[in-house]
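# Analysis of the macromolecular model
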Amino acid sequence: MVVFSKPVDRLPVPLQAVLEPITSNAQRQPYSKTKVIASAATISLAAYIANYIYQKRLENFDSQIISPITPLSGTSSKNDVFEGPTPRNNKYTLTVPYKNRTAKVTVRPTSTETFKKHKKFFPPSTSGQRVGVNKVFFKQLSAILKVIIPKIRSKEVIILVLHSIFLVLRTWLSIVVARLDGRIVRDLVAANGKEFLKGIMYWFAIAIPATYTNSMIRFLQSKLSIAFRTRLTRYVHDLYLNKENAYYKAINLDNRIGGADQFITTDIARFCDGLASLYSNLGKPLLDTIIFNYQLTKSIGLAGMMGLFGNYLLTAWILRKATPAFGKLAAHEAKLEGDFRAAHTRLITNAEEIAFYNGADLELSILDRTYTKLIKHINSIFKIRIAYNMFEDFLIKYCWSAIGLLMCSVPVFFPSWGGRGGRQELDGGTVYGKERDRTKAFITNKRLMLTLADAGGRMMYSYKELAELAGYTSRVYNLLAVLHSLYAGEYVPTPRPSDFPDEQEFYSLGDIRGEVLYGYDGLKFESVPIVGPNAGNERGGEELIKSMNITIRPGEHLLITGPNGVGKTSVARVISRLWPLFRGRLSRPEDRDIFYVPQRPYLSIGTLRDQIIYPHSLADMIRSGRTDKELLDILHVVKLSTIPDREGGWETQKEWKDVFSGGEKQRIGIARLFYHHPKFAILDECTSAVSSEVEGLMYQHAKDIGITLVTISHRPSLFKYHTHLLRIGDEGTCESSTIGTEQERMTLDKEVATLEAKLKDVDSWKARIAEINMELQLNI
Ligand SMILES: Nc1ncnc2c1ncn2[C@@H]1O[C@H](COP(=O)(O)OP(=O)(O)OP(=O)(O)O)[C@@H](O)[C@H]1O
């Protein structure tokens, strides 16, 4: 408030106009035209500058360039793909359809260094931490703020500054309006028609910047929320989907966050909305309170002011004591929302299987139960709110109004304590007369007081919002903390279950001692136990396979067999680094040299072409010089060459999982393998739904083009395509052997075929024995 030290009359006219409502202590005579015009001009200029900064600075941050559609060489694609989603120079360009054109959006992924730097701000929360407005909340919030406002020169800071400018502008406008209101009423009481009409004109003139300011505040608040959300969502995505497979680990290895989708889609949005609205819900009333209190102190004197302050402090104390744990309630509500959503997602994913089983009734009961749990909780919050809202309204609306009126009466009844109003009472008023001056002062003070009560009320209401924000903060923080620890390969140590056999070794996620060497031209397991890692699983921490020792070099093909559930797929999980290597040493090729084909191939969102080249993008395909013609050749090998014509071309987009049959899906999986053409392939029952004739052709082709196979299968017919066999037994044993020469394998194959043919007759023999027994019994 430095400005008050200088007499306002000596300042330049526009500045006088701006400061006049705040500093004026004179009961001004008819309106000064220059000052009103200067006032309007200043507001418009401020609004224009703010708008200009917004347009110039913020639009650039989005880095959106609209580019024309260009066809791509070698493909029939009409999409402009540019760099695609492969990080290059620490940024990548996404192409997003925008009206009839393509928008290029440059995204800078969060760097590993940033994650390393941030890790220390996100220590995992300890269980039993109270969710509420407390020290933990402020610590968690400050950690998240480091993510959403990474530096001073960021988009969020510009929005915050603009937002603050408009908030100050609105406070100032409120004072102007309060004074104008007082004058209009005074002129009405004085029956001064000319001045009264002038007042109304000014009232309309002030309405334009006032409404503009209000809508800009709302606009910037939404902009702030969306900017926070974008920043936080991208950060979480980078932490969640990366080479460390944090998304897989969060679901399969860690039980701390169930349903990460709810966290990312809903909780982050609510947190950002809450935070952005809190700034204006808390910042604006705070500013109002300071300025209006200053104004009121001048009007009603220090005594009245002290009374008001005492009132605030008492209210704040009472409300704090009486506020229920809204934070904890909001966090629990978010969790139940997540459960409900997860139940629906499950239904969508498994719709066909459920429909075949006629499982609608059971699924309905599951959905209803989850929903009932959610609404029961929401209803209980509503009930808690009835009493709380009553109490809050009584305190803020009624008590505060009564106290306000009492304070307004101080200058009238106790003039010597009543500040400017009191002095006027003692002096006998201005030219307008005592009553009219009193009316004007009362109207102005009442308006100021109402705004002040509103400001105070909003600050108190904000406490409830703050408590709810604490709930969302704890969820978002928890998500970030868990993802950070998974990204860094840190897990929660698993306690040894009390009923775990003493003689058996228990493996805890807190004690991972295995060593993985990359870049080996082959696969080498040295004393590697295969262990189910998740404590939530019945077999978590248990050795599925005791100790694996086997080496596969290029050109040696391994077949892994064994009964169900012994841990065959788990071997693939360890090779792919989805599961940790608890002990021993694994030497393996680099990621680009190894490709995994699962039993149920995942079909992604996108075009038909995207299904074959997955996980590559069209941009990667073009960069590596591949063409649609090559894709068609691959489809010939897997006997799917008619698919592009049948489905309407490479550019067709469909829900592919509902389009292809089970066998076709598996062939698409194999087509992917041929497209990527890795040195090593892990094939996990990936041809179980394909006819053995086509299966044979595909295996032979894979070998012909030099792919070394590690196959997980029960089918004896696949023996002949492999050189090594690994048999996994029920007791966690594993035996490896060579399958022999091509000749021997063929002989074995023949024997297997003969035995299989004989096995087919077993049922008819059994039926014959039953018949004979029956006849014998009848004869007896
Ligand atoms: N995240 C996990 N943590 C702990 N144990 C797990 C986890 N996931 C699966 N398991 C357990 O690992 C065991 C082996 O599973 P796996 O899928 O490797 O069997 P499999 O031999 O491939 O069986 P199938 O022939 O039926 O495909 C199962 O008993 C399963 O309960």
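Residues numbered from 1 in each chain as written. Predicted model: local features only at pLDDT ≥ 70, side-chain atom pairs only at ≥ 80, totals over all residues.

### A few points about the overall build of the protein
Check the secondary structure of the protein and you find 23 helices and 13 strands. In the protein, buried positions account for 31% of the 780 residues. Counting contacts in the protein only where the partners sit at least 6 residues apart, residues at least 24 apart contribute 75% of the total. (Helix = DSSP H or I, 4+ residues; strand = E, 2+ residues; numbered from the N terminus. Buried ≥ 20, exposed ≤ 12 C-beta atoms within 10 Å, placed from the backbone. Contact = placed C-beta atoms within 7 Å.)

### Points about the site of the ligand
With respect to spatial proximity, 15 residues lie near the ligand, and among them Gly532, Asn534, Asn537, Thr569 and Ser570 are the closest. Ranked by the residues each element gives to the shell around the ligand, the list is headed by helix α15 (residues 568-575), at three residues. Taken together, the residues of the shell around the ligand sort by class into three nonpolar, 10 polar and two charged. (Near = placed C-beta within 6 Å. Nonpolar A, V, L, I, M, F, W, Y, C, P; charged D, E, K, R; others polar.)

### A few points about the sheet that holds strand β4 (residues 515-518)
Spatially, four strands are ordered β4-β8-β5-β6 in an open sheet, and the strand pairing comes out mixed. Each edge of the open sheet is held by one strand with a lone partner, namely β4 and β6 (543-552). Going from strand to strand, the sheet's axes swing by 20° on average, the running direction of each strand aside. Bridge analysis of β4 against strand β8 (residues 585-588) gives four bridges, and the strand direction is parallel. Residue pairing across strands places Glu515 opposite Arg585, the latter belonging to β8. Helix-sheet contacts for α15 involve β5 (523-531), β6 and β8, and the interaxial angle to β5 is about 120°. (Pairing = 2+ DSSP bridges. Axes fitted to C-alpha atoms, helices over the stretch in contact; angles between N-to-C directions.)

### Quick word on α15
A large share of α15 lies buried, amounting to seven of its eight residues. Within α15, the full set of buried residues consists of Lys568, Ser570, Val571, Ala572, Arg573, Val574 and Ile575. Just past α15, the residue Arg577 takes up positive phi, approximately 70°.

### What to know about the domain arrangement of the protein
On domain assignment, one finds that the protein holds domain 1 (22-61 + 110-487), domain 2 (512-603 + 664-739) and domain 3 (750-780). Between domain 1 and domain 2, the contact holds five residues from the first and four residues from the second. Its residues placed into classes, the side of domain 1 that touches domain 2 shows two nonpolar, three polar and no charged. (Domains from an automatic or database assignment.)

### Let's talk about helix α5 (residues 155-189)
If you check α5, its first and last C-alpha atoms are 51 Å apart, about what 35 residues at 1.5 Å a residue would give, namely 51 Å. Backbone geometry just after α5 places Ala191 at a positive phi near 55°. (Expected span 1.5 Å × (residues − 1).)

### What about the sheet that holds strand β10 (residues 680-684)?
Picture the strands of a sheet paired through backbone hydrogen bonds; they go either parallel or antiparallel. Reading across the sheet, the six strands line up as β9-β10-β11-β7-β12-β13 and stay open at both edges, with mixed pairing between neighbours. Looking at the sheet topology across the chains shown, the edges are occupied by β9 (594-597) and β13 (734-738). If you compare each strand with its neighbour and ignore which way they point, the axes differ by 15° on average. Contacts between α15 and the sheet are confined to β7 (558-561), β9, β10, β11 (708-712) and β12 (724-728), with β10 contributing the most and set at about 145° to the helix.

### Section: the pairing of β12
Where β7 lies against β12, four bridges are found, and the strand directions are parallel. Bridge pairing in β12 places Leu559 opposite Leu725. Here β12 runs beside β13; their pairing, made up of five bridges, is antiparallel. From the neighbouring strand, Arg727 faces β13, where its bridge partner is Glu735. Between β12 and β13, which pair antiparallel and follow one another directly, the connecting turn spans five residues, one of which, Gly732, has a positive phi of 85°.

### Observations concerning the nonpolar core
With 71 residues, the main nonpolar core has Val236, Val476, Leu480 and Leu483 as its most contacted residues. Taken together, the elements giving at least two residues each to this core come down to α4 (135-148), α5, α6 (193-240), α7 (246-252), α8 (260-322), α9 (326-349), α11 (360-408) and α14 (434-487). If you tally residues by element for this core, the top one is α14, at 22 residues. In contact with Val476, other than residues within four places in its own chain, are Ile144, Asp267, Ile268 and Phe271. (Core = buried A, V, L, I, M, F, W, Y, C linked by C-beta atoms within 7 Å.)

### Notes on the environment of Pro123
Here Pro123 lies in the loop between α3 (112-119) and α4. For Pro123, a count of 12 C-beta atoms within 10 Å translates into the label exposed.

### Regarding unusual backbone geometry
Put simply, Tyr614 and Pro615 share a cis peptide bond, and its omega is 5°. In this structure, Pro615 sits in the loop between α16 (608-613) and α17 (618-623). At Glu685, a position not held by glycine, the phi torsion is positive, near 45°. With respect to the helices and strands, the residue Glu685 is situated in the loop between β10 and α22 (692-704).

### Focus on the packing of α5 against α6
Packed helix pairs are characterised by how far apart their axes lie and by the angle those axes make with each other. Packing of α5 against α6 brings their axes to within 8 Å, and their N-to-C directions diverge by 160°. Overall, the two elements α5 and α6 adopt an arrangement that is roughly antiparallel. As α5 packs across α6, the resulting crossing turns out to be left-handed. In the contact of α5 with α6, the residues fall into 25 nonpolar, five polar and eight charged. (Parallel < 35°, antiparallel > 145°, perpendicular 65-115°, else oblique. Left-handed = near helix turned anticlockwise from the far one by under 90°.)

### Considering the confidence of the model for the protein
Per-residue confidence for the protein gives a mean pLDDT of 80, with 81% of residues at or over 70. By mean pLDDT, strand β1 (residues 64-67) is the weakest element of the protein at 42, and β8 is the strongest at 96. Scored below 50 in pLDDT, residues 59-72 makes 23 contacts in the model with residues more than four places away or belonging to other chains. Predicted confidence for residues 80-85 stays below pLDDT 50, and this span has 26 contacts to residues more than four positions away or in other chains. (pLDDT = per-residue confidence, 0-100.)

### Here's the deal with the environment of Glu352
With respect to the secondary-structure elements, Glu352 resides in helix α10 (residues 351-357). Given 10 C-beta atoms within 10 Å, Glu352 falls into the exposed group.

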